[in-house]
Amino acid sequence: MSGVARVISRVSTAALWIAGIGLVLMTAFVAWQVFGRYVLNRSPSWTEQGSVMLMSWFIFLGAAVGVRENYHLGFDVLLYVLPKGGKRWLRMISDLVALAFGIGMIWYGSQLVALTWGATLPSLGISGGWDYVPLVAGGALIVLFTLERIALRLSGAPIDDALDELPPAEVAAELDTANVKV
């Protein structure tokens, strides 16, 4: 299991790096667009569509890594009142919902890719299906990362122990502003 975890960790790190590079490239594209429009008085046609496509990549890849690192949105109110065993089941349900969401992203994203593959994006000269490939890739990573967490939890790995020791977000925010160490 540790070999698989290392591979998944590398995939997560690679996705995060690709997302970060995409963010930097998108910023450069927008800067070039502004420079071209206001300084050269000639806007490049490819920068807007290229920026939107890069934004799709870094959003979906970053969101998938957020799922793996447990930074995704969640409704944690019940976790503060449930016993440890109940928390485990509630987190498992949350993982199953994320898994279903990832599967939906793959399914519907694949349909969008297939429907738009024959169209060409005029400003980039590539298939319109590329607009939706990040949706499928992000969904695949979400499925991979949630399956990893579910498998670890079922194998008895203490993946929830660190989360159980954290104070509620409201308390943590107050402790942080008061410079108090927990």
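Notes on the structure follow. (Residues numbered from 1 in each chain as written. Predicted model: local features only at pLDDT ≥ 70, side-chain atom pairs only at ≥ 80, totals over all residues. Heavy atoms only, no water.)

Remarks on the nonpolar core
Moving on, step 1. Judged by nonpolar contacts, the single largest core of 15 residues is most densely connected at Ala15, Leu61, Ala64, Leu141, Ile142 and Phe145.
Moving on, step 2. In terms of residues, this core owes the most to one element, helix α2 (residues 46-68), which gives 6 residues.
Moving on, step 3. Residues contacting Ile142, with those up to four places away along its chain left out, are Ala64, Val67, Ala98, Gly102 and Met105. (Core = buried A, V, L, I, M, F, W, Y, C linked by side-chain atoms within 4.5 Å. Buried < 20%, exposed > 50% of the residue type's maximum accessible area, 1.4 Å probe, protein only. Helix = DSSP H or I, 4+ residues; strand = E, 2+ residues; numbered from the N terminus. Contact = heavy atoms within 4.5 Å.)

A short note on α2
Moving on, step 1. Under the 1.5 Å per step criterion, the end-to-end length of α2 is 33 Å for 23 residues, consistent within 8% with the ideal 33 Å.
Moving on, step 2. Looking only at α2, the buried set comprises Thr47, Gly50, Ser51, Met53, Leu54, Ser56, Phe58, Leu61, Ala64, Val65, Gly66 and Val67.
Moving on, step 3. Next to the buried residues of α2 lie α1 (2-38), β1 (120-121), β2 (126-127) and α4 (133-154). (Expected span 1.5 Å × (residues − 1).)

Structural notes on the side chain of Arg149
Moving on, step 1. Structurally, Arg149 is set in helix α4.
Moving on, step 2. From its side chain, Arg149 meets the backbone oxygen of Val67 in a polar contact 2.8 Å long.
Moving on, step 3. In terms of polar contacts, Arg149 uses its side chain to reach the backbone carbonyl oxygen of Arg68, at 3.5 Å.
Moving on, step 4. With sequence-adjacent residues up to four places away left out, Arg149 is seen in contact with Val67, Arg68, Asn70, His72, Asp95 and Ile159. (Polar contact = N/O pair within 3.5 Å; in protein donor to acceptor, adjacent residues only side chain to side chain.)

Quick word on the packing of α1 against α4
Helix-helix packing is described using two parameters, namely the angle between the two axes and the distance between the axes.
Moving on, step 1. Packing of α1 against α4 leaves a shortest axis separation of 11 Å and a crossing angle of 145°. Between α1 and α4 lies a crossing of left-handed hand. Contacts between α1 and α4 pair Ala5, Ile8, Val11, Ser12 and Ala15 from the former with Leu141, Leu144, Phe145 and Glu148 from the latter.
Moving on, step 2. Grouping the constituent residues of the contact of α1 with α4 by class yields 7 nonpolar, 1 polar and 1 charged. (Axes fitted to C-alpha atoms, helices over the stretch in contact; angles between N-to-C directions. Left-handed = near helix turned anticlockwise from the far one by under 90°. Nonpolar A, V, L, I, M, F, W, Y, C, P; charged D, E, K, R; others polar.)

Some thoughts on α4
Moving on, step 1. The end-to-end C-alpha separation of α4 is 32 Å, in line with the 32 Å expected for 22 residues at 1.5 Å each.
Moving on, step 2. Following α4 by one or two positions, Gly156 has its phi on the positive side, about 95°.

Section: the packing of α1 against α2
Moving on, step 1. One can describe the packing of α1 onto α2 by two numbers: an axis separation of 8 Å at closest approach and a directional angle of 150°. As judged from the angle between their axes, α1 and α2 are roughly antiparallel. With respect to the hand of their crossing, α1 and α2 are arranged in left-handed fashion.
Moving on, step 2. Classifying every residue of the contact of α1 with α2 by side-chain character gives 18 nonpolar, 8 polar and 2 charged. (Parallel < 35°, antiparallel > 145°, perpendicular 65-115°, else oblique.)

Structural notes on the pattern of salt bridges
Moving on, step 1. For the coordinates displayed, the defined rule picks out 4 salt bridges.
Moving on, step 2. Arg149 is the partner of Asp95 in a salt bridge, and the nearest nitrogen-oxygen pair spans 2.9 Å. Of this pair, Asp95 sits in helix α3 (residues 84-116) while Arg149 sits in helix α4; the two residues are 54 residues apart in sequence, bridging distant segments of the chain.
Moving on, step 3. Residue Asp95 is classed as buried on the basis of its relative accessible area of 2%.
Moving on, step 4. Among the ionic pairs, Asp95 bridges to Arg153, the shortest N-O distance being 2.5 Å. Here Asp95, found in helix α3, pairs with Arg153, found in helix α4; they are 58 residues apart in sequence, far enough to count as distant. (Salt bridge = Lys/Arg side-chain N within 4 Å of Asp/Glu carboxyl O.)

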